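# Inside the fold
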Amino acid sequence: MSNKDIFFKRENRKVVAVKLTKSDRLKVKKKIDKILKEKKEIIPKKYLKKIEDISLYHPEGNIAKAEAIILDPDDGAFSTANKLNELTGKEWTKFTSSWFVFNALRSDIKEEQEITSRFKLNSDEHPATFSPTMISNFISFFTKSGQSVIDPFAGIGTTLVACQRTKRKGIGIELNKKYFKIAKVRTNQKIFNGNSLEIDDILTQNKIKNIDFCITSPPYWNVLNRSTGGFKNKREEKKLDYTYSNKEKDLGNIDNYDHFIDKLVNIFVDLKKFLKKDAYVIVILKNVKKGGKNYPIAWDFAKKMSDVYTLKDEKIWCQDKVGLAPFGYPYAYTTNIHHHYCLVFRN
Ligand SMILES: C[S@@+](CC[C@H](N)C(=O)[O-])C[C@H]1O[C@@H](n2cnc3c(N)ncnc32)[C@H](O)[C@@H]1O
């Protein structure tokens, strides 16, 4: 019989093995069997694939009260009371920081370009995309495997790729056919070429309901239409889009600020009935400037959304590899805005 450690507790902020008598060792084994039998539904697959390697964990070393399991003590313990995700306590806590730094990953861009070029498409066409790695981190925190995730502004399918990677079921809506086509070749998840202002019709007609989670990033008002400097010129030179489209239905083409906020909120009002009760909704936004004035899109949107959803939190995404332009120099204080608000609402 193997003598490997099968019971762990917490000591001086570390997970340590508990020395067991023969009878306690039997009790631990029985407890693990009981957990595996009674909690099978909620135990992540990676544990079930390695049943022989599962150990028991209780912070104070109480076998009777233990309800958490461990594969690798360095990764922490998975609580079988975890209703939200498949993370260990250690992984959960790490994600709870109210800010993070993330810069686009070369590996993500390479993967995206390789796949799309095979279909003679160019993912660079989209002027504002995210990394699937960043979105995967959110999806892994806010859902379990097999659950459904919607992105009403799917772009070239970043959220859907993240769903594929994390084995969730993605649903995307994207207005621009060109971006829709790119998303289609990147994943086999559900995506509709449509207008999210009609999200009610799209989801009803396709019999989609009980969605577990929403994560998305809408146009940051009409900020791309107002781009005059380097960004626009560089993209024009390469014959790449510098706005999402010239369609009226495109939220990036609404010039009136209040009108933009209202239309955006309305999409989430319509989405509400398709989400499970308590589902989280994450909307990534950035405050922008126009004519020397700050337009706090994230704050104004959060305020209006709070009439319909509970505003739970914010997680601030910082980019520290974007160059700084001497805005305002030498007369006025004007920031280079390199942080985005990942606003966390709950249904
Ligand atoms: C910030 S981008 C999303 C990018 C996406 N996260 C990605 O990584 O590819 C916003 C997207 O919303 C789309 N969009 C704008 N208005 C829309 C509408 N009414 N319905 C659906 N999509 C819309 C734009 O075409 C654009 O692709």
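Scroll up to find the structure this text is about.
Quick look at the structure, then. (Residues numbered from 1 in each chain as written. Predicted model: local features only at pLDDT ≥ 70, side-chain atom pairs only at ≥ 80, totals over all residues.)

Our focus in this paragraph is the sheet that holds strand β1 (residues 7–11). Ordered by their spatial adjacency, five strands build an open sheet running β2-β1-β3-β4-β5, and the pairing between neighbours is mixed. Whereas interior strands pair on both sides, the edge strands pair on one side only; in this sheet they are β2 (14–17) and β5 (77–79). The mean inter-strand angle of the sheet, taken between neighbouring strand axes irrespective of direction, is 35°. (Pairing = 2+ DSSP bridges. Helix = DSSP H or I, 4+ residues; strand = E, 2+ residues; numbered from the N terminus. Axes fitted to C-alpha atoms, helices over the stretch in contact; angles between N-to-C directions.)

Our focus in this paragraph is the packing of helix α10 (residues 257–271) against helix α11 (residues 297–305). Relative to each other, α10 and α11 sit at 45°, their axes nearing to 10 Å. With respect to each other, α10 and α11 are oriented oblique. Crossing of α10 against α11: the hand is right-handed. On α11, the residues that touch Ile-261, Leu-264, Val-265 and Phe-268 of α10 are Asp-300, Phe-301, Lys-304 and Met-305. For the contact of α10 with α11, a count of residues per class yields six nonpolar, no polar and two charged. (Parallel < 35°, antiparallel > 145°, perpendicular 65-115°, else oblique. Left-handed = near helix turned anticlockwise from the far one by under 90°. Contact = placed C-beta atoms within 7 Å. Nonpolar A, V, L, I, M, F, W, Y, C, P; charged D, E, K, R; others polar.)

Further remarks concern helix α9 (residues 230–237). The periodicity of an α-helix, 3.6 residues per turn, causes residues three or four places apart in sequence to face the same way. Little of α9 is tucked away: zero of the eight residues are buried. Two residues or fewer after α9 comes Lys-239, characterised by a positive phi angle close to 55°. (Buried ≥ 20, exposed ≤ 12 C-beta atoms within 10 Å, placed from the backbone.)

Right, let's get into the site of the ligand. What surrounds the ligand is a group of 25 residues, the closest being Phe-153, Gly-155, Thr-158, Leu-175 and Ser-196. Within the shell around the ligand, the residues separate by chemical class into 12 nonpolar, 10 polar and three charged. (Near = placed C-beta within 6 Å.)

Ordered in space as β6-β14-β15-β11-β10-β7-β8-β9, the eight strands form an open sheet in which the pairing is mixed. The open sheet has two edge strands with one neighbour each: β6 (99–101) and β9 (190–193). Strand-to-strand twist of the sheet, defined as the mean angle between neighbouring strand axes without regard to direction, takes the value 20°. The sheet contact formed by strand β7 (residues 148–151) and strand β10 (residues 211–216) spans two bridges and is parallel. Looking across to β10, one finds that Ile-150 is bridged to Cys-214. Across the sheet, helix α6 (residues 158–166) lies against β7, β8 (169–174), β9 and β10, angled at about 170° from β8, the strand it touches most.

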